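# Structure assessment
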Amino acid sequence: MVDSLTLTVNSRLARWLLLHYSRQQSLDGHEVWKKPAIHSIDEWMRESWLQSWPDQYVLTELQSRHLWQRIIQEDSATSDLNLLHVQGAASHAFKAYQLICEYRLPEDPAGFNNYTEETQAFRRWLTHYRKQLKEWQALDPAELLDAVTERMEQGHIPLPETIILHGFDEITPQFNDWLSFLKIKDVPVHFKPFEPAPVATDHLQTLLTEKKATVQKYEDANEEVIQCARWIRSVYQEGKTIGIVVPELETYREILERELKAELAPASVFPWEDRHLPFNISMGTPLSHEPMVHLALLLLSQKNKRIPLLTFSTLITSPFLKNPPDETEARRELDWSLRGSNTTHVFLPQALDPKQRDRYPTLVTLLDALMSWVDDTSFRLPSEWARGISKFLKKVQWPTDNETLSSLQYQALSSWNECLDSLSSLDRVLQKINRHQAVSHLAHIASETQFQPQTHEEPIQVVGLLESAGMEFDHLWIMGCHAETLPPYPSPNPFLPFMSHQKPFNLPHSTAEQELIFAEQTLYRLAHACKEMVFSYPAWQGETEMAPSPLLTHWLLDNNTIQSSNSNKVQDHPGFAVQLESVQDYFAIPVSPEETEHIRGGTGILKNQAECPFRAFAIHRLSSQSRDFPELDMDDSLKGSLIHKILELFWKKVRTSERLHQLHDSNKLLEQIRQSIQDGMQTFEFDTNTQGIFLEIEQERLTELIHGWMEYERERSDFEVLAVESEISIKLNDLPLTLKVDRIDQTPDGKTVLIDYKTGLVANLKKWFGERIEEPQLPLYSMEVNADAIVFANIRKGSSRYRGLSREENFIPKVTANIIKEHPDLETWEDLQNFWKNGLNLLAKEFLDGYLRVSPLHDDDTCKYCDQLTLCRKTELLTSNNGEEE
């Protein structure tokens, strides 16, 4: 016999008991002590089995699920079931077999075949599953307890002197057989806190009344968690334990982590503060969500050499791939250049300019390795793929220098390596597979792996209902206790007959009665495990009104007794960070003569200065700009540029209105338009291999749009196109500017017309007449060439038109010379030119004088699409002054 053995229902409880034992030994004055034999029952069974030198090995849960999946996929009749998710079906099959073993369910084929198509299919799969286990000399995890019992009977596994069972809420028939065996062998077995048994409703109510339990109602889950965190602050004492039990922990986890950090360790919100957190959350997050692991999966999952631009940008800038200092700037330039391109994908062989490859040797190595990886079309065993994946990641230097990894990242790397080991364990199940299949299986393993960084067990524990089994607390808060969760809806297994198996054998989750019994038993156990007990639930989940659990309505209060406004968050106590001082900082920063030589830009400088001086300063002097990744190969901006190019090419060929009429009269106008569209598209180098059909549709759309515009152009009197995309350089108040106009027309009597194409919303002429001129391009250009008309050409399907101003009436269709209508103080064209001259010179002077106040012209409209909000901190300025500017 061996010494006393303590077995727990899960690993978390084993760690919890070890923590309490160690604390008690320390309180008793011991400096060293023998570690007690406390194990989870699963861990103990596997270890005992291996030490007995068995002739069978035990499948892991992963191996078992994949075997079920393979059997389901190979079953020719499976298609008749219309399974939406084979992995989900395999998971249910795995659990069905577990229930068969644990509850000693009858396996008579008639019981399965006379029920549903699903149960009939499962019976077929079960035959194949058992046959495969026999061929492999393997055991399913659910068969291990019976096998351990047999080895104990044979003397290969020693009997403990005493067994203490912690946290077991249910005794299955299989488990009961093992207990009966131990009883025959005179091995005492003790349950803690008590032996599981159904609880009478009145007993539960009596116990909750004795505990003075209350039910708190809050507006939503966020407020519920905040009040719980503040309650913890009020009751926490050194040496006391606090439990937060959450039936829907997955739903609450993110809120709990955020609010508990904010209230219990407020300084932890600062990235530079490595603060100890006084709580543990039992549920981790999927390993695949860890940034370092996510990057590895992103690399491995590329299907070919054409990868999304966002992915490419991630690869060349990620901190988890080596990026030497001498390459950093070159990579930034490459990333910036690609973001400004008109493509959503990068073709790896052409990603780098051959003349520039010497600038980033490490990146070249990465891309070469990635191209070799995506070219691999071989079929290999999963273990071979696991080794190949490790070699590939080492070649691309993932993760970068291990010495820089944090403790959390080291643990993530360790978990990743365990995932590769798990993949290697699937050789027998999966046999030879290709690269895509291997990566898919690895990604699924990583997503199913819960990553929980190893920390010390803390006095504040956040656990789910099942994980709370066997734990004891001084204070306990059970959260999310609404009628949808406590008790939950039944979820019977679809592969087991209900009337002959699930209902008569009282399988867990099979009926509402079973869920009620389990809920009452769990609450009874929790009430016994604490000194103070609080329940809570949210009144609303989204737009759904929630009712309290019917088990708790007796203790529901009219008004909450736990309601605190005493926040501990940094944002509510600025003194936690630094003492804030208000400073008026609107000093100008004039442009120096040296800086003037390097300033480059067009009328965008004046436009930004008019809309917000700080935006002009940030963009044109600090070079602060952002470039979003294009979501489409042809977004609205690119479509506008394409139309500009097509019209440029068209008028270079056609030149005059007379020639336009000739093309129309000879039925060659459409031909010329199509040729210009084709030539224009070629200049943008669209991917015709993958976008052929889309480009054909776009060509037809453009043909119809531009043909409609030319019909409108034909209404004008005679004109000649003097220039397209004309560019000149000027100085305005010593500010160097480059001006560009889409088109310059001239009439037979020498009048000049400036045209600016607009493919979006109809242009607003009021932007020419404000105190700050918001559309300076045409006014400024007109001052240089002494134009007689300036117009926007709004090119839109069904609403194409000219909109602008002219020196004389009836000069251009629907373009007015009534300037006074737009501005009451301006009567003549010369008045207008002088107005523009003064306004534009003022903007240029402001920019050169360094006037850079955060002063958006139209508040929300100006700021709506601005990419400088983080830099100007307009939002914080309004917040600090209750929405008012200083």
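Let me sum up the structure you'll find in this document. (Residues numbered from 1 in each chain as written. Predicted model: local features only at pLDDT ≥ 70, side-chain atom pairs only at ≥ 80, totals over all residues. Heavy atoms only, no water.)

## Some remarks on the overall build of the protein chain
Assigned secondary structure in the protein chain consists of 34 helices and 25 strands. Taking 2.2 N^0.38 as the reference for a compact globule, 886 residues should give roughly 29 Å; the C-alpha atoms of the protein chain span a radius of gyration of 37 Å, well beyond that estimate. If one aligns the C-alpha atoms of the protein chain with their principal axes, the spans along those axes are about 120 × 65 × 55 Å. When each of the 886 residues of the protein chain is scored for burial, the buried share is 48%. Look at the contacts in the protein chain between residues 6 or more apart in sequence, and 75% of them connect residues 24 or more apart. With an accessible surface of roughly 45600 Å², the protein chain has 49% of that area assigned to carbon and sulfur atoms. Counting 88 positive and 131 negative side-chain charges, the protein chain places the averaged centre of each group 4 Å from the other. (Helix = DSSP H or I, 4+ residues; strand = E, 2+ residues; numbered from the N terminus. Rg over C-alpha atoms; globule rule 2.2 N^0.38 Å. Buried < 20%, exposed > 50% of the residue type's maximum accessible area, 1.4 Å probe, protein only. Contact = heavy atoms within 4.5 Å. Areas by Shrake-Rupley, 256 points an atom, 1.4 Å probe, with all protein chains shown as cover. Lys, Arg positive; Asp, Glu negative; His and termini not counted. Charge placed at Lys NZ, Arg CZ, Asp CG, Glu CD.)

## So, the pattern of salt bridges
When their charged atoms lie close together, side chains carrying opposite charge are able to pair. Inspection of the entire model under this criterion finds 43 salt bridges. Glu327 is paired through a salt bridge with Arg331; the nearest N and O atoms lie 3.1 Å apart. Here Glu327 and its partner Arg331 are both found in helix H14 (residues 325-339), four residues apart, which amounts to about one turn of the helix. Each member of the pair, Glu327 together with Arg331, is buried. Between Glu704 and Lys797 there is a salt bridge, with the nearest N and O atoms lying 3.6 Å from each other. Placement of Glu704 in helix H28 (residues 688-713) and of Lys797 in the loop between strand S24 (789-794) and strand S25 (801-806) is noted, with a sequence separation of 93 residues between them. Among the residues examined, Lys797 registers a relative accessible area of 67% and is labelled exposed. Connected through salt bridges with shared partners, the residues Lys607, Glu611, Arg615 and Glu775 form a single ionic network. (Salt bridge = Lys/Arg side-chain N within 4 Å of Asp/Glu carboxyl O.)

## A look at helix H12 (residues 291-300)
Because each turn of an α-helix spans 3.6 residues, side chains separated by three or four positions in sequence point in the same direction. Counting buried positions over the ten residues of H12 gives eight, a clear majority of the element. Met292, Val293, Leu295, Ala296, Leu297, Leu298, Leu299 and Leu300 are the residues of H12 that are buried. Elements in contact with the buried residues of H12: helix H13 (309-317), helix H15 (361-374), helix H16 (382-395), helix H17 (407-424) and helix H19 (435-448).

## Details of unusual backbone geometry
Geometrically, the link from Trp398 to Pro399 is a cis peptide bond, its omega value of -15 degrees lying close to zero. One can find Pro399 in the loop between H16 and H17. Look at Asn506: it is not a glycine, yet its phi comes out positive at around 50 degrees. Relative to the helices and strands, Asn506 resides in the loop between helix H20 (498-502) and helix H21 (512-528). Asn506 sits in the partly exposed class, given a relative accessible area of 42%. Despite not being glycine, Asp734 shows a phi value in the positive range, around 75 degrees. Locating Asp734 in the fold gives a position in the loop between strand S21 (720-732) and strand S22 (735-746).

## Examining the packing of aromatic side chains
Summed over all chains, the structure comprises 25 aromatic pairs. Note on Trp373 and Trp385: the rings are 6.0 Å apart at their centroids and 85 degrees apart in plane angle, and the pair reads as edge-to-face. Of the two residues, Trp373 sits in helix H15 while Trp385 sits in helix H16, which places them twelve residues apart along the sequence. By the burial criterion, Trp373 is buried, and Trp385 matches it. A centroid spacing of 5.2 Å and a plane angle of 90 degrees characterise the contact between Phe650 and Trp651, whose relative ring orientation is edge-to-face. Across this residue pair, the class does not change: Phe650 and Trp651 are buried. Here the aromatic cluster, defined as three or more aromatic residues joined through ring pairs, consists of Trp68, Tyr97, Phe122, Trp125, Tyr129 and Phe495. Taking the ring centre of Trp49 as reference, the NZ or CZ of Arg151 above it sits at 5.9 Å. A cation over a ring is seen here: Arg716 above Phe719, with NZ or CZ 4.0 Å from the ring centre. (Phe/Tyr/Trp six-rings, centres within 6.5 Å; stacked < 30°, edge-to-face > 60°. Lys NZ or Arg CZ within 6 Å of the ring centre and 35° of its normal.)

## Some points on the side chain of Arg621
In this fold, Arg621 is placed in the loop between helix H24 (613-620) and helix H25 (636-654). Within polar-contact distance, the side chain of Arg621 engages the backbone oxygen of Ile589 at 2.6 Å. If we ignore the near neighbours within four places in the chain, the residues touching Arg621 are Ile589, Pro590, Val591, Glu595, Ala616, Phe847 and Gly850. (Polar contact = N/O pair within 3.5 Å; in protein donor to acceptor, adjacent residues only side chain to side chain.)

## Topic: the sheet that holds strand S9 (residues 279-281)
The six strands lie next to each other as S7-S18-S17-S8-S16-S9, forming an open sheet whose pairing is parallel. Because the sheet does not close on itself, it has two edges, and the strands there are strand S7 (214-218) and S9. Neighbour-to-neighbour, the strand axes of the sheet open up by a mean angle of 20 degrees, direction not taken into account. As defined by bridge partners, S9 adjoins strand S16 (residues 460-463) across three bridges and the pair is classed as parallel. The residue of S16 that forms the bridge with Phe279 is Ile460. (Pairing = 2+ DSSP bridges. Axes fitted to C-alpha atoms, helices over the stretch in contact; angles between N-to-C directions.)

## Observations concerning the environment of Leu732
With respect to the helices and strands, the residue Leu732 is situated in strand S21. Sequence-distant contacts of Leu732, that is, excluding residues within four places in its chain, are made with Leu606, Leu737, Leu780, Leu840, Asn841 and Ala844.

## Points about the nonpolar core
The biggest cluster of nonpolar side chains holds 86 residues, and the ones touching the most others in it are Trp68, Phe122, Phe312, Trp398 and Trp416. Every residue in contact with Trp68, bar those within four places of it in the chain, is listed here: Ala90, Ala93, Phe94, Tyr97, Phe122, Trp125, Leu126 and Tyr129. (Core = buried A, V, L, I, M, F, W, Y, C linked by side-chain atoms within 4.5 Å.)

## Thoughts on the sheet that holds strand S23 (residues 752-758)
A sheet is described by the order of its strands in space; here five strands give the open sequence S21-S22-S23-S24-S25, paired in mixed fashion. In this open sheet, the two strands that pair with only one neighbour each are S21 and S25. Mean inter-strand twist for the sheet, computed between neighbouring axes without regard to direction, equals 35 degrees.

## Some words on the pairing of strand S18 (residues 532-538)
Counting buried positions along S18 gives six out of seven residues, so the element sits mostly inside the fold. Note that S7 and S18 share five bridges and pair parallel. Counted as the bridge partner of Tyr218 is Pro538 from S18. By the bridge criterion, four bridges tie strand S17 (residues 475-478) to S18 in an arrangement that is parallel. Opposite Leu476, over in S18, you have Met533 as the bridge partner.

## Description of the packing of helix H9 (residues 201-210) against H21
Remark: H9 packs on H21, axes separated minimally by 10 Å, with the N-to-C direction vectors making an angle of 30 degrees. Taken together, the axes of H9 and H21 lie roughly parallel to each other. As for how H9 packs across H21, the hand of that crossing is left-handed. Residues Thr201, His203, Leu204, Leu207 and Leu208 of H9 form the contact with H21, whose own contacting residues are Glu520, Leu523, Tyr524, Ala527 and His528. Its residues assigned to classes, the contact of H9 with H21 comprises six nonpolar, three polar and one charged. (Parallel < 35°, antiparallel > 145°, perpendicular 65-115°, else oblique. Left-handed = near helix turned anticlockwise from the far one by under 90°. Nonpolar A, V, L, I, M, F, W, Y, C, P; charged D, E, K, R; others polar.)

## Observations concerning the side chain of His475
Within the fold, His475 resides in strand S17. Given a relative accessible area of 15%, His475 falls into the buried group. In this structure the side chain of His475 is engaged in a polar contact, spanning 2.7 Å, whose partner is the side chain of Glu532. Not counting the four nearest positions on each side in its chain, His475 is found in contact with Trp231, Val235, Thr241, Ile242, Gly243 and Glu532.

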